[in-house]
Amino acid sequence: MSPGAVILLYHRISEVRPDPQWLAVAPSRFREQLAVLREIASPISMSQLADGLAAGKLPPRAVAVTFDDGYRDNLEAAKPALENFGVPATVFVASGYTAGGREFWWDEVERAFLEPGELPPRVEFDLGDKTAAFELGEARRYTAQEAARHAGWNVTAANYPTRRHEIYGQVCELLRGETIERRERALQGLRAAAGLAEAAPRETHGILDAEGVGRLARGGLVEVGAHTVNHPRLATLPPSDQEYEIEAGKRALERILGLPVAGLAYPFGDRADYDHHCIAAAARSGYRWACANVAGVAWVRSGRYELPRILVRDWDGPAFRQFLEEWL
C-alpha cells in the first residue's frame, strides 16, 4: 500500500472561556498530546509530508501538526511546547489581521453576545442591501453568573442554553457566508449596538502581528503558511476576489518573513467553502500544496491542493491516543 500521513488541525493553545467554537486546547493537554505523538507516531513537517507524498516515501505512522488563523498563543504557548518535544508544525496566518487593532470576526461576535452586559432589546445591523435584526427580549441582560454557568458551552452541543447563544449561532452562520465588505459593515453595526466601537482587542484573543509572525518562524521548527488575507468563505467570492485573497496573503507573509511561503489552508476548509477556482488560484500563485478541513488520511493519490486534515479538540492524553490510533 502507498504510504499515507495524518495531518492534525489545531487553532489555539489556551484555557480561554467561553470558547464557543471549541477552538482551544489547554496548554497542559497540548503537552500530553505531544508526548503521545512522540511516542506512537513519526512527527514530520508539512514540507516533508508534501515531498514524501510526491515521492511515495513517508516514514511509518507519519503525522504533521498544523494551526489555522494565527492566534498569538501559537507563539507564546504552542511554540515552546513544540520545541520541548521536537515536533515541527505549520501555522497558517490570515495576513490581513497582522496589522493589529482587532479580533477575528467570530471572536467579536462572541464578545458582543456571550460576555456579561446589556444589549438593546433589538439588535440590528446593515448588510448593504438588507438589514439583519434579532429580538433579544429578556436576554438583553446577561449577568456574570449566567456567563459563568454557560462558559463551557460550544457549538457542538445539541441545544442553545439561552437566547443569546441562539443569536450568536445565527449571526456567525450569517457572517460566515458574507463578502468581506458586508461582513465588516455588519460588524460595525454590532460593535455599536454592544458598545464596543472603541473597545481595544482583548489580551485573551490576541492575534500575531508582523513581528510575532517573524518570531514564530525563527529557528525553522515552525513553518508559516498562508490563510488568505481576510479569512473569507472563498467559495462565496467571485474568482477574481478568490485570486486576490489567495495570492495577496502569500505575498504579504513573504514580505514579513523574507522567505517563500509554500502552503495554503482554505478558511473554514469544508468542501463547500472552496472550489475549483481556489485550487487553480493556489497553483497559479506558486503554492506547492494546500490544506482543506475535511477529515481523512493524506495518501499519494490525494490532490496536493486538497490535503485532508483532522480536527483536534481539548482532549487529555489517553483520549488523544485513542483518537490518533484510530487514524494511524
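What you see is a predicted model; the values in this text were computed from it and never measured.

### Re the environment of Arg-111
(1) Moving on: In this fold, Arg-111 is placed in helix H4 (residues 105–114).
(2) Moving on: Note on Arg-111: relative accessible area 16%, which makes it buried.
(3) Moving on: In this structure, the C-alpha to C-alpha distance between Arg-111 and Ala-54, residues 57 residues apart in sequence, is 44 Å.
(4) Moving on: If we skip the residues at most four places from it in the chain, Arg-111 touches Glu-103, Leu-196, Ala-199, Ala-200, Pro-201 and Arg-202.
(5) Moving on: Separated by 3.0 Å, the side chain of Arg-111 and the backbone oxygen of Ala-200 make a polar contact.

### Some points on the nonpolar core
(1) Moving on: Leu-8, Tyr-10, Phe-30, Leu-37, Phe-67, Tyr-266 and Leu-324 are the most contacted members of the largest nonpolar core, which has 52 residues in total.
(2) Moving on: Looking at this core, the element that brings in the most residues is helix H1 (residues 27–40), giving 5 residues.
(3) Moving on: If we ignore the near neighbours within four places in the chain, the residues touching Tyr-266 are His-227, Leu-234, Tyr-274, Cys-278, Ile-279, Ala-282, Ala-290, Cys-291, Ala-292 and Tyr-305.
(4) Moving on: Membership of the second largest hydrophobic core comes to 30 residues, among which are Tyr-97, Trp-106, Phe-125 and Phe-268.

### Digging into unusual backbone geometry
(1) Moving on: Residue Pro-18 is bonded to the preceding Arg-17 through a cis peptide linkage, with omega at 0 degrees.
(2) Moving on: Among the secondary structure elements, Pro-18 is positioned in the loop between strand S2 (12–13) and strand S3 (24–25).
(3) Moving on: Phi is positive for Arg-61, which is not a glycine, with a value near 55 degrees.
(4) Moving on: Positionally, Arg-61 belongs in the loop between helix H2 (46–55) and strand S5 (62–69).
(5) Moving on: A residue is classified by how much of its surface remains accessible, and Arg-61, at 35% relative accessible area, is partly exposed.

### Here we look at the pairing of strand S9 (residues 131–135)
(1) Moving on: Alternating positions in S9 separate cleanly, Ala-132 and Phe-134 being buried on one face and Thr-131, Ala-133 and Glu-135 remaining unburied on the opposite face.
(2) Moving on: Linking strand S8 (residues 122–126) back to S9 in an antiparallel pair, the connection comprises 4 residues, with Gly-128 at a positive phi of about 100 degrees.

Definitions and limits used
Residues numbered from 1 in each chain as written. Predicted model: local features only at pLDDT ≥ 70, side-chain atom pairs only at ≥ 80, totals over all residues. Heavy atoms only, no water. Helix = DSSP H or I, 4+ residues; strand = E, 2+ residues; numbered from the N terminus. Buried < 20%, exposed > 50% of the residue type's maximum accessible area, 1.4 Å probe, protein only. Contact = heavy atoms within 4.5 Å. Polar contact = N/O pair within 3.5 Å; in protein donor to acceptor, adjacent residues only side chain to side chain. Core = buried A, V, L, I, M, F, W, Y, C linked by side-chain atoms within 4.5 Å. Pairing = 2+ DSSP bridges.

Function cannot be read off these values alone, since they describe shape.
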